[in-house]
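# A look at the structure
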Amino acid sequence: MFDRLVDLTESICQQIDKAKASMLLFDTSDIETWVTENNLKYANRIIRQLKTFKKANGLYDSFDPYKAAYGSMPPHTAANSAIQQMYINGHFCYAFKFGIITNGLGIVRDISFYNKGFLHSHPAIVVGKKPDSPDEDKSLADSKALIPVLKDFFKKHPLINPKIFLGDAAFDSIEIYKYLLQEASFEKAYIPLKNKLKTKGTDYTVNDDGVPCCPRDASLPMKREGNKSHLRCGLATMKFVCPKMKWKWDSATKKSKRICHCDHPCTTSSCGRMIYIYPEQNLRTYPGTVRGTDKWASTYKVRVNVEKSISHFKDSFCVAGRKTQNEKTLHADLLLAGITQLITVMVADKLHKHQYIRSLKPLIA
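Before going into details, it helps to say that this report is about the structure given with it. Because the structure is predicted, anything quoted here is derived from the model rather than measured. (Residues numbered from 1 in each chain as written. Predicted model: local features only at pLDDT ≥ 70, side-chain atom pairs only at ≥ 80, totals over all residues. Heavy atoms only, no water.)

### Brief notes about the overall build of the protein
Counting its regular elements, the protein contains 11 helices and 12 strands. Expressed as a percentage of the 365 residues in the protein, the buried residues total 44%. Residue pairs in contact within the protein that sit at least 24 positions apart in sequence constitute 62% of those at least 6 positions apart. Surface accessibility of the protein: about 20200 Å² in total, with carbon and sulfur atoms responsible for 54%. (Helix = DSSP H or I, 4+ residues; strand = E, 2+ residues; numbered from the N terminus. Buried < 20%, exposed > 50% of the residue type's maximum accessible area, 1.4 Å probe, protein only. Contact = heavy atoms within 4.5 Å. Areas by Shrake-Rupley, 256 points an atom, 1.4 Å probe, with all protein chains shown as cover.)

See the structure below:
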């Protein structure tokens, strides 16, 4: 029923905002369970002991009691091995983990519950020994789950073809960029960098956002041409022009032409220096768009909608705070929350009140 409602609401989302409906947002979260290990005293006792150990032995600041506590805690609860240890939103907990996909409007498109059934259907996901760093553990888990989740999603919904992917820095890996931009239907991927770029030009430098800089002055980033240039072979390219180039109208030819106003030009061309970049050679640096621009910043802000949906599911639909350890119950609650949101979209559309597609209470009122 949930998957059927996703298909039925796709046309409604496209009608409301085609640009945001063509975006796909992914994030992971958890549902904390009612177990002894989730008592605050459990983690605080271990952290307090490690802090005392550090002080007594005069250890250096490189010894992090919180990381050490994470490594010393059991990987799952004694009551249920499926309830895994996690580090979510700055605190330790034992919970069931799930992944959620929404579009740019914040309307849920898919929910994946990371249980034994999910791992069994995706044997390529190898669950190894957890690292000492909780942040690294979360990053590894998120990056491993993304591609299998998207493959399942496209298999269930072949008629949904999003063009833009938005995710956090956990997905900053070459493997993920290749899948998104070469195997899947995405044209652009908005993913922040986890590590600095290591891009080099022949006679020019490249800044932290991957933009070529003036060969004579590395502090001047070159300007991106608005139109896309293509070679005869069909490969897409990105064109960057001299930062001191301006368009000038020629009354004789009735056309505009480029004029370089540099005092010390690095080329004999009156148009100024031009640099062509081939994104397919470095998808991490050029994921279909240019980093560090106003367009990048404004588009990436949309990713907050997936976090709002997760919060909405947990708080408004009361998925969080359940006093249960039952995996099937929690999985069912997640799907019912998704069904409730999708039915809200359909009802709001019938009442011509699209402003309430994520607000059930005002819609009822």
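### Quick notes on helix H7 (residues 174–183)
Looking at H7, one finds that the buried residues are Ile 176, Tyr 177, Tyr 179, Leu 180 and Leu 181. Taken end-on, H7 shows its buried residues confined to a sector of 170°, consistent with a single buried face. Among the exposed residues of H7, those pointing more than 90 degrees away from its buried face are Ile 174, Glu 175 and Glu 183. (Arc of directions from axis to C-beta.)

### Some details on unusual backbone geometry
In this structure, Lys 254 takes a positive phi of about 60° despite not being glycine. One can find Lys 254 in the loop between strand E10 (245–250) and strand E11 (255–260). Since its relative accessible area comes to 59%, Lys 254 is described here as exposed. We note that His 352 has phi near 60°; this positive angle belongs to a residue other than glycine. Secondary-structure assignment places His 352 in the loop between helix H10 (327–350) and helix H11 (360–364).

### Here we look at the packing of aromatic side chains
Under the counting rule described, the total for this entry stands at nine aromatic pairs. Considering the side-chain rings of Phe 165 and Phe 171, the 6.1 Å spacing of their centres and the 75° angle between planes classify their relative orientation as edge-to-face. Judged by its relative accessible area of 0%, Phe 165 is buried. In textbook terms, an aromatic cluster arises when at least three aromatic residues are bridged by ring pairs, as seen for Phe 26, Phe 153, Phe 154, Phe 165, Phe 171 and Phe 186. (Phe/Tyr/Trp six-rings, centres within 6.5 Å; stacked < 30°, edge-to-face > 60°.)

### Overview of a nonpolar patch on the surface
The grouping of Met 1, Ile 343, Val 347 and Leu 351 at the surface amounts to a nonpolar patch, some 370 Å² of accessible area in total. You can see Leu 351 is positioned in the loop between H10 and H11. According to the relative accessible area criterion, Leu 351 is partly exposed, its value standing at 44%. (Patch = residues over 30% accessible without salt bridge, like charges linked within 9 Å, V, L, I, M, F, W, Y side chains within 5 Å. Salt bridge = Lys/Arg side-chain N within 4 Å of Asp/Glu carboxyl O.)

### A short note on the nonpolar core
Of all hydrophobic cores here, the largest spans 71 residues; its most connected members are Leu 150, Phe 165 and Leu 180. Discounting chain neighbours no more than four positions away, the residues touching Leu 150 are Leu 24, Ile 101, Phe 165, Tyr 179, Leu 180 and Phe 186. Tyr 204, Met 238, Phe 240 and Tyr 286 belong to the second largest nonpolar core, which has 10 residues in total. (Core = buried A, V, L, I, M, F, W, Y, C linked by side-chain atoms within 4.5 Å.)

### Considerations on empty space enclosed by the protein
Taken as a whole and judged by the stated rule, the model has one cavity of 30 Å³ or more. Approximately 30 Å³ is the volume attributed to the largest cavity. Considering the residues around the largest cavity, the lining is formed by Glu 10, Ala 21, Met 23, Leu 24, Asn 103, Arg 109, Ile 160 and Pro 162. Partitioning the lining of the largest cavity into residue classes produces five nonpolar, one polar and two charged. (1 Å grid on protein atoms, 1.4 Å probe; cavity = no way out; pocket = protein on both sides within 12 Å on 5 of 7 lines; lining within 4 Å. Points joined across faces, edges and corners; volume = space filled by probe spheres on them. Nonpolar A, V, L, I, M, F, W, Y, C, P; charged D, E, K, R; others polar.)

### Some remarks on the packing of helix H1 (residues 2–16) against H10
With their axes 10 Å apart at the nearest point, H1 and H10 run at an angle of 35° to one another. For the pair H1 and H10, the sense of crossing is left-handed. Here H1 contributes Phe 2, Leu 5, Val 6, Leu 8, Thr 9, Ile 12 and Gln 15 to the contact with H10, which in turn contributes Leu 335, Gly 338, Ile 339, Leu 342, Ile 343, Val 345, Met 346 and Asp 349. Broken down by class, the residue content of the contact of H1 with H10 amounts to 11 nonpolar, three polar and one charged. (Axes fitted to C-alpha atoms, helices over the stretch in contact; angles between N-to-C directions. Left-handed = near helix turned anticlockwise from the far one by under 90°.)

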